[in-house]
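Remarks on the overall topology
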Amino acid sequence: MRLDKYLKVTRIIKRRTVANEACDGGRVSVNGRTVKASYDVKIGDIIEVAFGTKAFRIKVTDIKETTLKSDAQTLYEVIE
């Protein structure tokens, strides 16, 4: 699954266009490397998203094309 879609499905970022802009703006890194929105997310990847002065790190535990809002947090585990 594309990184921008994963960020939207997990509701880390509300809209896919915003997720796409964050990726292309260099505010999202996977496993320590800045990546584009088209990066293919795999289980076990460590994703870091910079929100202003804060950084949000998660580990991918599952990948689903769609999910309910209540189940979105089961797709990742917060590291910091």
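The structure contained in this document is the topic of the report that follows. Not measured: the values here are computed from a predicted model. (Residues numbered from 1 in each chain as written. Predicted model: local features only at pLDDT ≥ 70, side-chain atom pairs only at ≥ 80, totals over all residues. Heavy atoms only, no water.)

1. Some words on the nonpolar core
Most often, soluble globular proteins have nonpolar side chains that are buried together. Counting 22 residues, the largest nonpolar core has Leu3, Tyr6, Leu7, Ile13, Val28, Val41 and Ile47 as its most contacted members. Broken down by element, this core gets its largest block of residues, 4 residues, from helix α1 (residues 3-9). In this structure leucine 3 touches Cys23, Val28, Val30, Val35, Lys36, Ala37, Tyr39, Val41 and Ile47, once residues within four positions along its chain are discounted. (Core = buried A, V, L, I, M, F, W, Y, C linked by side-chain atoms within 4.5 Å. Buried < 20%, exposed > 50% of the residue type's maximum accessible area, 1.4 Å probe, protein only. Helix = DSSP H or I, 4+ residues; strand = E, 2+ residues; numbered from the N terminus. Contact = heavy atoms within 4.5 Å.)

2. Focus on the side chain of threonine 10
Here threonine 10 is to be found in the loop between α1 and α2 (16-24). Polar contacts involving the side chain of threonine 10 include one to the main-chain carbonyl oxygen of tyrosine 6, which spans 2.8 Å. Not counting residues within four places of it along the chain, the set of residues in contact with threonine 10 comprises Ala72, Leu75 and Tyr76. (Polar contact = N/O pair within 3.5 Å; in protein donor to acceptor, adjacent residues only side chain to side chain.)

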